[in-house]
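Summary of the model geometry
Residues per chain are reported as follows:
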Amino acid sequence: KHSWAMDLLQSIGIEDEFFPSREYDHEMWKDILHSEFGLQIMKNHTYMVQTYEEVHHMSAHDAYYYQTSPEDLKRLKKETGWDWNDTMEFHKEFLRRWFVRHATGGGYIHSGFRARDVCDLIYSLFGRPPESVSGEDKSGEYDGGSLGNSMDHIKYTVIHSRYMEGKAGYRMRKLARTSKCDRLGAIHMSPEYVRSILENLALDGRGNIVHKDGQGGKNNNSNMNNNMLHQPIILFSDGQIPEIVEQNLLNDPIIGPNLIIFNKELLDGADIALSVLADVFIGNPASVTSGFIARSRISLGMEQNYLWRKKRKEDFGGSSWFSVCNDECIFKPKIMEGLI
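Read on for an overview of the structure.

How each quantity is defined
- Residues numbered from 1 in each chain as written.
- Predicted model: local features only at pLDDT ≥ 70, side-chain atom pairs only at ≥ 80, totals over all residues.
- Heavy atoms only, no water.
- Helix = DSSP H or I, 4+ residues; strand = E, 2+ residues; numbered from the N terminus.
- Expected span 1.5 Å × (residues − 1).
- Buried < 20%, exposed > 50% of the residue type's maximum accessible area, 1.4 Å probe, protein only.
- Polar contact = N/O pair within 3.5 Å; in protein donor to acceptor, adjacent residues only side chain to side chain.
- Pairing = 2+ DSSP bridges.
- Contact = heavy atoms within 4.5 Å.
- Axes fitted to C-alpha atoms, helices over the stretch in contact; angles between N-to-C directions.
- Parallel < 35°, antiparallel > 145°, perpendicular 65-115°, else oblique.
- Left-handed = near helix turned anticlockwise from the far one by under 90°.
- Nonpolar A, V, L, I, M, F, W, Y, C, P; charged D, E, K, R; others polar.
- Phe/Tyr/Trp six-rings, centres within 6.5 Å; stacked < 30°, edge-to-face > 60°.

The next subject is helix H13 (residues 288-299). For H13, spanning 12 residues, the distance from its first C-alpha to its last is 16 Å, which sits close to the expected 16 Å at 1.5 Å a residue. Counted residue by residue, H13 has 10 buried out of 12 residues, so it is predominantly covered. For H13, the complete set of buried residues consists of Ser290, Gly291, Phe292, Ile293, Ala294, Arg295, Ser296, Arg297, Ile298 and Ser299. At the N-terminal boundary of H13, the capping side chain belongs to Ser287, with an oxygen 3.2 Å from the backbone nitrogen of Thr289. Within two residues after H13, Gly301 carries a phi angle of roughly 80°, on the positive side.

Take the sheet that holds strand S6 (residues 280-282) next. With parallel pairing, the five strands of this open sheet are ordered in space as S5-S4-S1-S6-S7. With partners counted over all chains shown, the strands left at the sheet margins are strand S5 (259-263) and strand S7 (305-306), one partner each. Where strand S4 (residues 233-237) lies against S5, five bridges are found, and the strand directions are parallel. By the bridge assignment for S5, Ser237 is matched with Asn263. Lying on the sheet, helix H12 (residues 269-276) is in contact with strand S1 (157-161), S4 and S6; it crosses S4 at an angle near 135°.

The N-to-C vectors of H12 and H13 enclose an angle of 50°; their axes lie 9 Å apart at closest approach. With respect to H13, the axis of H12 lies oblique. Here H12 and H13 pass one another in a crossing that is right-handed. Only Phe292, Ile293, Ser296 and Arg297 of H13 make contact with H12, whose side of the interface consists of Ile272, Ser275 and Val276. Here the residues of the contact of H12 with H13 are counted per class, giving four nonpolar, two polar and one charged.

A few words on the packing of aromatic side chains. Counted according to the given criterion, the structure contains six aromatic pairs. Look at Phe37 and Phe94: their rings are 5.2 Å apart centre to centre, the planes differ by 65°, and that puts the pair in the edge-to-face class. In this pair, Phe37 is assigned in helix H2 (residues 26-37) and Phe94 in helix H6 (residues 84-100), connecting sequence segments 57 residues apart. Residue classification places Phe37 among the buried positions, given a relative accessible area of 10%.

Before going further, it helps to spend a moment on unusual backbone geometry. In this structure, Met164 takes a positive phi of about 55° despite not being glycine. Looking at where Met164 falls in the secondary structure, it is placed in the loop between S1 and helix H8 (167-179). Look at Met164 and you get buried, because its relative accessible area is 18%.

What follows is the structure, encoded as structure tokens:
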């Protein structure tokens, strides 16, 4: 009942708010999960064994770390013609459905507490948009709500940094072999690493993000500060290597004044929503949460996702960072080495 799965499902969406005349109706909430997501919640063990001939039990911990073995994947491909792209498209559709049902803070979650509006953190940092969308059309039916609507006046970057008590290093070594990315860049999040991304993302006269490379390698804006490096930068960090991550970013003369730091081991629904809706996301592919945020952003059509970077030496001296893997890499089993 109070497992990570249930808490996560309702920390972002599927609250009972969608039925204002029945504010605390578990049955209707469970019907949504079953009809739209194929998830069935059963709390009655007798009913479960009477309904199904065979029941496989798995703890919440085991479900979280579950991964299909390479042998089973090979067998599945041989027997059914399965391809990882099929799973990716299913995964993306699931995430789109989930975010359409995002929590707006008007109802309750499964534990009986009031739900939290997933946009609370965005509003607390940047204020509410000029006109909020109610989430209801003229017929009174739910139309997907206002997630991300009317926030065009805000431009910001989210950096998701994780060290995971040293486990990030081990995972990144594996991911570096499969993706060819740098094994330390996404862990250290150095000013040089962050600058290489944000200073090349300029803002045009309408506030759209454009790559400087697409302008002949030069920023044609007369205002050289008109890029994402000079917009708010939000750092979510587990705080385990502050002398490397937080301290270096704060001491940078350009990044430091624009930096907002949240030291959190776990991200809740509002933190994830802030990351999913960011104009730019810089993550650590070794982190399950970074991967979830990136896959959610890609599913919702959000661009500017940076997880796979590598440093190269330039002929004229010095070095530069570049991306070595496209967005689909975060879904690809051969790249992710069992992390999904």
